[in-house]
Amino acid sequence: MAEDIATKLKNYRTAPFDARFPNQNQTRNCFYNYLDYHRCQKSLGAKGEDLAPCDWYKRVYTSICPISWIQKWDDQREEGTFPGKI
Amino acid sequence: MAHPSQLGFQDAASPVMEELLHFHDHALMIVILISTLVLYIIVAMVSTKLTNKYILDSQEIEIVWTVLPAVILILIALPSLRILYLMDEINDPHLTIKAMGHQWYWSYEYTDYENLGFDSYMIPTQDLLPGQFRLLETDHRMVVPVESPIRILVSAEDVLHSWAVPSMGIKMDAVPGRLNQTAFVTSRPGLFYGQCSEICGANHSFMPIVIEAVPLEHFEKWSTVMLQDA
């Protein structure tokens, strides 16, 4: 599985089609990948495991989410006012 | 792009727009034929000297002018639905670009690999070079590789805007807090113009969109230069 992730990350072009979000509104796609990355970091980090698999979510949310949204959420996380559950 | 005294659509720059153009020709031809027939019948009815006060009904013609319109509607609906589903096909994009609407300019973000972002302001009329188009040119164009499927995510930072490029058959509302997805493929290299299509304040008419479709190597060189300049 780790090799698949490494190959997937190496061959990354752009965020692929996600069947969970097949329609026009991709807001949730962006938000959920942002959440999944930070949750992945938190849970794998707590277990002391390799954090490389989490990079997939980071690549996807970096591709999809507007830069201003990412900055706003990063600031909110630092302040402790981020609305999502990580 | 649009030209003076234009009646029809702009030349198609994407496969979807070609389909839409042909469908429009098909539907318009049907409309013209029906209108001509009806106009002829009206003129014929009004200008005849013959009268007949004793025809009460006729089953045959009633059947004809019920079934024939139904058949015509089906002939319009089938190509229409075909294009609708064609536009909704799952595609595998090569590149994702975000177009963010502001008052009163667009900003484009290319963040698949590096963090490239830039603003695209209209060139004021007094600063245009000879041959450039009034109210349509921008200082930085959205450059894309030609013949590659591109995913565009449209949003806004302040009020409603709408990102439209008629020659590609694209229009997508830019809603603050929402990320709207559309996709396109440019069939040929060139410049494709569009304008903001949702009223957004004083300079709504002055925030155009320009897509520059170039071969992939040129796109790579351009993005390298833009990253260095940023």
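Just so it is clear, the model here is predicted, and its values are computed rather than measured. (Residues numbered from 1 in each chain as written. Chains lettered and ligands numbered in written order. Predicted model: local features only at pLDDT ≥ 70, side-chain atom pairs only at ≥ 80, totals over all residues. Heavy atoms only, no water.)

**Brief notes about the overall build of chain A**
The helix and strand inventory of chain A stands at four helices and zero strands. In sequence order, the secondary structure elements of chain A are arranged as α-α-α-α. For chain A, the C-alpha atoms occupy an extent of roughly 35 × 35 × 20 Å along the three principal directions. Of all 86 residues assigned to chain A, the portion counted as buried reaches 40%. A separation threshold of at least 6 residues defines the contact pool for chain A, and within that pool the share at least 24 residues apart is 62%. (Helix = DSSP H or I, 4+ residues; strand = E, 2+ residues; numbered from the N terminus. Buried < 20%, exposed > 50% of the residue type's maximum accessible area, 1.4 Å probe, protein only. Contact = heavy atoms within 4.5 Å.)

**A few points about the packing of helix H2 (residues 27-47) of chain A against helix H3 (residues 55-64) of chain A**
Residue and element names in this part refer to chain A. Following both chains from N to C, one finds H2 and H3 inclined at 150 degrees, their axes separated by 8 Å at the closest point. Taken together, the axes of H2 and H3 are roughly antiparallel relative to one another. When the axes of H2 and H3 are compared, the crossing they make is left-handed. Residues Asn-29, Cys-30, Asn-33, Tyr-34, Asp-36, Tyr-37, His-38 and Cys-40 of H2 pack against Asp-55, Tyr-57, Lys-58, Val-60, Tyr-61 and Ile-64 of H3. (Axes fitted to C-alpha atoms, helices over the stretch in contact; angles between N-to-C directions. Parallel < 35°, antiparallel > 145°, perpendicular 65-115°, else oblique. Left-handed = near helix turned anticlockwise from the far one by under 90°.)

**Side note on the UniProt feature "transmembrane region" (unreviewed entry) in chain B**
Residue and element names in this part refer to chain B. If you check UniProt for "transmembrane region" (unreviewed entry), the listed places come out as residues 27-51 and 63-85 in our numbering. Within the segment residues 27-51, helix and strand shares are 84% and 0% respectively, and the terminal C-alpha atoms sit 36 Å apart. The distance separating the terminal C-alpha atoms of residues 63-85 is 33 Å; by composition the span is 100% helix and 0% strand. (UniProt positions renumbered as here; feature names shortened; annotations may be inferred.)

**Points about unusual backbone geometry**
For the peptide bond that leads from B:Gln103 to B:Trp104, omega is 5 degrees, which places it in the cis range. Locating B:Trp104 in the fold gives a position in the loop between strand E1 (95-102) and strand E2 (105-110).

**Structural notes on the packing of H2(A) against helix H4 (residues 67-79) of chain A**
All names here are of chain A. Here H2 crosses H4 at 40 degrees, and the two axes come no closer than 12 Å. The angle between the axes of H2 and H4 places the two elements in the oblique class. Where H2 crosses over H4, the handedness of that crossing is right-handed. Counting all contacts with H2, which are made through Thr-27, Cys-30, Phe-31, Tyr-34 and His-38, the residues of H4 involved are Trp-69, Ile-70, Trp-73, Asp-74 and Arg-77. In terms of residue class, the contact of H2 with H4 is made up of six nonpolar, two polar and two charged. (Nonpolar A, V, L, I, M, F, W, Y, C, P; charged D, E, K, R; others polar.)

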